[in-house]
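Listed below are the residues making up each chain.
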Amino acid sequence: MVTTIGGPRVLLRQLRETMAEPLASQARLDKIVALIADNMRADVCSFYVLRDDGALELFATKGLAAESVHMTTLRLGEGLVGLIAAEAEPLSLEDAPSHPGFAYRPETGEDRYASFLGVPVLRAGQTLGVLVVQNAEQRHYGEDETEAMLTTATILAEMIATSDFDNLIKPGSDIDLRRPRMFNGVSFTDGIALGTVVLHDPRVVVSNFIAEDTEAEKHRLEAALEKMRVSIDAMLDHGDMAGATDHREILETYRMFANDRGWVNRLVEAIDNGLSAEAAVERVQNDTRARMMRQTDPYIRDRLHDLDDLANRLLRVLTGNGHALERKELPDNAILVARNMGPAELLEYDRTKLRGVVLEEGGSTAHVAIVARSLGLVAVGQAQSIVSMSESGDDIILDGTAGIVHLRPTPDIEQAYIDKVRVSARRRAHYAALRSRPAVTRDGVAITLLHNSGLVADLPMLDDTGAEGVGLFRTELQFMIASKLPKLSEQMELYAEAMAIAGERPVVFRLLDIGGDKVLPYQRSMAEENPAMGFRSIRLGLARPGLLRTQIRALLLAANGRPLKILVPMVTETFEFLQTRMVVEKEVERLRRQGRPVPSRLDLGVMVEVPSLLFELDQLMPEADFVSIGSNDLVQFLTASDRANPRVAKQYDPIAVPRLRAIRLVVDAARRYNVPITMCGELAGKPLEALALMAIGMTRLSMGPASIGPIKELVLNLDLKPIQAAMEAALREGGEGVNVRRLLQDWIEKQKLPV
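Per-chain numbering applies: the sequence of each chain, read as written, is numbered from 1 onward. In keeping with the model being predicted, local features are shown solely for residues with a pLDDT of at least 70 and side-chain atom pairs are shown and tallied solely at 80 or more, while totals for entire chains, interfaces and linings include all residues. Calculation of side-chain values draws on the structure's entire complement of heavy atoms; hydrogens and water are dropped beforehand.

Take the overall build of the protein chain next. Only DSSP runs of H or I covering at least 4 residues are called helices, and only runs of E covering at least 2 are called strands; the numbering of each starts at the N terminus. Looking only at helices and strands, the protein chain has 26 helices and 22 strands in total. Residue burial is assigned from relative accessible area. The probe radius is 1.4 Å, only protein chains are included, and a residue is buried under 20% of its type maximum, exposed over 50%, and partly exposed in between. A buried classification covers 55% of the 755 residues belonging to the protein chain. By the convention used here, residues are in contact when the closest approach between their heavy atoms is within 4.5 Å. Within the protein chain, contacts between residues separated by at least 24 positions form 68% of all contacts whose residues are at least 6 apart in sequence. With an accessible surface of roughly 31800 Å², the protein chain has 52% of that area assigned to carbon and sulfur atoms. Values of accessible area rely on a 1.4 Å probe in the Shrake-Rupley scheme; residue burial ignores everything except the protein chains shown.

A fitted line through C-alpha atoms represents every axis, and for helices the fit uses only the stretch in contact; the resulting angles, taken between N-to-C directions, go from 0 to 180 degrees. Remark: helix α2 (residues 25–39) packs on helix α4 (residues 143–161), axes separated minimally by 12 Å, with the N-to-C direction vectors making an angle of 175°. One element, α2, and the other, α4, form an angle in the roughly antiparallel class. Along the contact surface, α2 presents Ser25, Arg28, Leu29, Ile32 and Ile36, while α4 presents Met149, Thr152, Leu156 and Met159. Three categories are distinguished: nonpolar for Ala, Val, Leu, Ile, Met, Phe, Trp, Tyr, Cys and Pro, charged for Asp, Glu, Lys and Arg, and polar for the others, with Gly belonging to the last. Of the residues belonging to the contact of α2 with α4, the class tally is 6 nonpolar, 2 polar and 1 charged. Angle categories are assigned with fixed cut-offs, so that under 35 degrees is roughly parallel, over 145 is roughly antiparallel, 65 to 115 is roughly perpendicular, and the rest are oblique.

Attention shifts here to the packing of helix α18 (residues 545–559) against helix α19 (residues 574–593). At a closest axis distance of 10 Å, the pairing of α18 and α19 adopts a crossing angle of 50°. Judged on the interaxial angle alone, α19 and α18 are oblique. Helix-helix and strand crossings are classified by hand; for α18 and α19 the assignment is right-handed. Across from Leu548, Arg549, Ile552, Arg553, Leu556 and Leu557 in α18, the residues of α19 making contact are Val583, Val584, Glu587, Val588, Arg590 and Leu591. Of the residues that constitute the contact of α18 with α19, the class distribution is 8 nonpolar, no polar and 4 charged. By convention, the crossing between two helices is left-handed when the near helix turns anticlockwise from the far helix through less than a right angle, and right-handed when the turn is clockwise.

Now for the side chain of Asp399. Secondary-structure assignment places Asp399 in strand β13 (residues 395–399). Taking relative accessible area as the criterion, Asp399 reaches 6% and is therefore assigned buried. The term polar contact refers here to a pair of N or O atoms within 3.5 Å; inside protein, the definition further demands a hydrogen-donor-capable atom paired with an acceptor-capable atom, and it admits residues adjacent in sequence only when both atoms are side-chain atoms. Only 3.3 Å separates the side chain of Asp399 from the backbone nitrogen of Thr401, close enough to count as a polar contact. In terms of polar contacts, Asp399 uses its side chain to reach the backbone amide nitrogen of Ala402, at 3.1 Å. In this view, Asp399 contacts Gly191, Ile192, Val380, Ile404, Tyr417 and Lys420; residues no more than four positions away in its chain are not counted.

Just to be clear on terms, a salt bridge is a Lys or Arg side-chain nitrogen sitting within 4 Å of an Asp or Glu carboxyl oxygen. With the rule as written, the count across this model stands at 31 salt bridges. The residue Arg592 makes a salt bridge to Glu589 at a minimum N-O spacing of 3.9 Å. Separated by 3 residues within a single helix, Arg592 and Glu589 lie in helix α19, roughly one turn from each other. Residue Glu589 is classed as partly exposed on the basis of its relative accessible area of 37%. Put simply, Arg741 and Asp653 hold a salt bridge, and the shortest N to O gap is 2.7 Å. Taken together, the residues Arg741 in helix α26 (residues 740–751) and Asp653 in the loop between α21 (631–639) and α22 (657–672) connect sequence positions 88 residues apart. What makes Arg741 partly exposed here is its relative accessible area of 28%. Take Asp653: its relative accessible area is 25%, and that puts it in the partly exposed class. Taken together, the shared-partner salt bridges connect Arg664, Asp668, Arg671 and Glu728 into one network.

Stacked, edge-to-face and tilted labels apply to pairs of Phe, Tyr and Trp rings (six-membered ring for Trp) whose centres lie within 6.5 Å, assigned for plane angles under 30 degrees, over 60, and everything in between, in that order. Within the structure shown, the criterion is met by 2 aromatic pairs. Here the aromatic cluster, defined as three or more aromatic residues joined through ring pairs, consists of Phe473, Tyr495 and Phe509. Any Lys NZ or Arg CZ found within 6 Å of a ring centre and within 35 degrees of that ring's normal is scored as a charge over the ring. Lying across the ring of Phe626, Lys565 places its NZ or CZ 5.4 Å from the centre.

Before going further, it helps to spend a moment on helix α25 (residues 720–731). To estimate the expected span of a helix, subtract one from its residue number and multiply by 1.5 Å. When the terminal C-alpha atoms of α25 are compared, their 16 Å separation across 12 residues agrees well with the 16 Å that a helix rising 1.5 Å per residue should span. In this fold, the buried residues of α25 make contact with α22, α23 (687–695) and α26.

Our focus in this paragraph is unusual backbone geometry. Positive phi is not limited to glycine here, since Arg41 has a value of about 55°. Relative to the elements of secondary structure, Arg41 occurs in the loop between α2 and β1 (44–50). With phi around 55°, Asn333 is a residue other than glycine that occupies positive phi space.

The antiparallel open sheet is built from 6 strands, whose spatial order is β3-β2-β1-β6-β5-β4. At either end of the open sheet lies a strand with only one pairing partner, and these are β3 (73–75) and β4 (91–93). The mean angle between the axes of side-by-side strands here comes to 20°, regardless of whether they run parallel or antiparallel. Pairing between strands requires that DSSP locate at least two bridges from one strand to the other. Of the pairings in the sheet, the one linking strand β2 (residues 55–62) to β3 comprises 3 bridges and is antiparallel in character. Opposite Glu57, over in β3, you have Thr73 as the bridge partner. Here α2 sits on the sheet in contact with β1, β2 and β6 (126–135), set at roughly 70° to β2.

Before going further, it helps to spend a moment on the side chain of Thr441. Mapped onto the fold, Thr441 is located in the loop between α13 (411–433) and β15 (448–453). On the basis of relative accessible area, Thr441 is assigned to the buried category, the value being 4%. Of note is the side chain of Thr441, whose polar atom sits 2.6 Å from the side chain of Asp443. In terms of polar contacts, Thr441 uses its side chain to reach the backbone amide nitrogen of Val445, at 2.9 Å. When sequence neighbours within four positions are dropped, the list of residues in contact with Thr441 reads Ile447, Val715, Leu718 and Leu720.

The subject of this paragraph is α19. When the terminal C-alpha atoms of α19 are compared, their 29 Å separation across 20 residues agrees well with the 28 Å that a helix rising 1.5 Å per residue should span. Where α19 is concerned, the buried positions are Thr574, Glu576, Phe577, Thr580, Arg581, Val583, Val584, Glu587, Val588 and Leu591. The elements touched by buried residues of α19 are α17 (537–543), α18, β18 (564–568), β19 (602–608) and α20 (617–620). Positive phi appears at Gly595, one or two residues downstream of α19, with a value of about 75°.

In structure tokens:
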């Protein structure tokens with residue numbers, strides 16, 4: 001084995017000096033490959049860059065024919081260079097021409113070189129190019145030399161990413177790092193948004209790549225690792241983490257990786273090769289990510305997320321760079337890109353500049369998606385790997401209707417979407433013209449259209465859409481965005497403001513619905529195996545009467561003598577609803593004793609979202625002033641499919657015959673007892689699903705503000721009664737083979753409905 005001259009640290013110092021010299025880009029690159037060749041005692045050093053068309057172009061060389069630079073190309077997977085780029089793995093050969101993958105390019109004159117060492121140039125796990133050294137005599141390149149090349153490739157990767165590199169690229173082409181990409185995801189909300197990427201959890205930018213003092217860098221690394229381990233242990237020891245939860249499993253994985261000697265040894269080895277502690281973390285994570293991205297095992301790919309998060313944690317400790325400081329400073333037309341996020345995190349951002357959200361995970365009925373709809377944001381989920389392929393500042397287009405994301409779109413795609421936005425604006429103007437028209441079908445069936453809300457900021461849209469009121473006001477959002485439990489006065493102020501904005505239009509306030517995926521950061525809770533079916537909603541309220549009484553008191557005081565509607569969520573048995581009514585009545589009596597005004601009319605409603613209530617409807621209906629159906633949870637529990645789990649969230653059609661039969665049981669019972677009933681789940685805001693609900697007799701629909709216009713246009717063009725007759729026949733016994741969507745689609749085409 002022949003060692004390098006002076007070792008990688010000498011080479012890195014020379015590279016740093018070269019990067020600082022006032023050289024043209026090609027001259028700098030030529031000098032870099034010459035330095036590498038001299039340091040590695042190689043006859044040849046060549047640098048290939050992966051273009052956006054999948055070709056690897058020779059950008060610089062010392063030793064091969066100079067005229068072959070920017071002329072020689074290899075396809076991805078072609079030749080030894082293409083093989084390294086495709087597999088993201090180093091390749092060392094003593095007799096390269098004998099390798100079956102060797103591809104000879106006569107213009108380079110490389111046929112006289114026997115030995116070969118090539119390494120991938122990686123950034124965020126993506127292959128940007130390939131760095132190669134060759135020698136005329138047969139020679140074995142050892143691990144030290146491979147490590148030196150990989151370390152050098154880390155520096156080259158950052159050079160490629162800078163704008164100084166752009167003038168080396170031929171007109172009409174680009175490097176693969178910046179090529180346009182399209183992601184097929186899942187639509188959370190309709191609409192189109194054009195804007196700029198803002199990474200919710202931005203990667204730490206490493207600016208210092210080269211170590212001045214390797215021993216000092218190793219001490220910095222060990223101190224940062226220890227600090228990170230202590231913080232992970234502290235989180236695991238926190239009372240909220242007692243027992244098995246998804247959060248605990250993630251932290252246990254972090255702890256396992258943070259204490260893994262193999263991982264730590266690779267970091268130390270990278271520092272020994274001349275990198276700073278930060279650059280060592282990035283270098284090792286690049287290599288790891290590149291290997292794991294090429295695995296088909298879903299478990300291994302899931303662990304990649306854990307390693308990415310852990311590496312980012314370590315980088316933040318090393319740099320002292322927190323990730324929350326940029327949350328408030330958004331560019332205009334910002335589009336958040338995240339692996340996942342909670343609704344409270346979304347609400348932290350400046351909503352005047354935010355246009356959309358893209359998530360790698362999540363389901364359309366997850367609460368962050370619901371909040372996005374409430375805010376009027378375009379949202380797409382399950383866009384796999386978009387976080388690692390995005391950079392803050394990239395152009396991005398969200399097609400919420402199709403569930404498609406275009407990252408760094410081409411000019412023609414951008415223009416096509418600009419045209420779509422113009423058409424969409426005309427559609428909005430058309431819907432606005434309908435706002436004063438009553439929602440009545442052509443055959444005389446009146447449909448009540450209401451908003452789902454949870455923020456005072458979106459209530460003025462009642463005037464824009466012409467909705468008849470708020471069918472669901474999610475009071476928990478105030479609790480989720482607060483740093484501590486809202487006081488009685490703070491709750492009362494919010495509810496009073498909501499009623500004042502709504503004016504004479506009714507507002508249905510749902511009592512606090514927390515638990516499951518809606519966790520309050522300031523409230524300690526026991527870990528649960530299945531929080532969606534655990535200690536949540538009214539179960540929590542009845543067990544913590546102080547919390548429940550305070551909210552009810554705030555609602556009664558906010559009404560100040562006006563009518564008030566309160567909705568009780570997650571009722572499992574009629575007895576729970578009666579218990580809640582007793583609490584409400586005691587608070588009303590308390591106000592009377594104090595001489596305070598009580599609501600002129602107080603309606604207490606029940607939310608049907610637990611299947612057991614379907615078998616207590618005759619006991620429940622006489623006790624309720626109104627009923628609302630929460631289709632999100634009801635369908636989740638009927639199908640035993642976690643709505644936040646993308647693997648099963650879309651597996652069952654919510655308007656298939658079994659689900660519609662369940663919903664119709666509630667509709668029919670409400671009709672028998674003359675109790676008003678509203679659908680306030682996400683089904684109400686989708687035209688075809690809304691048509692299914694109207695077809696089984698549901699005439700009150702509550703939805704996101706953006707859905708009011710399309711649903712009203714559907715209603716105004718609809719002859720409902722024949723569709724109701726067809727649906728009745730489909731839901732009779734023996735109708736299991738009926739495809740409800742196909743049935744409704746036939747009626748849509750027959751009546752030429754705008755869906």
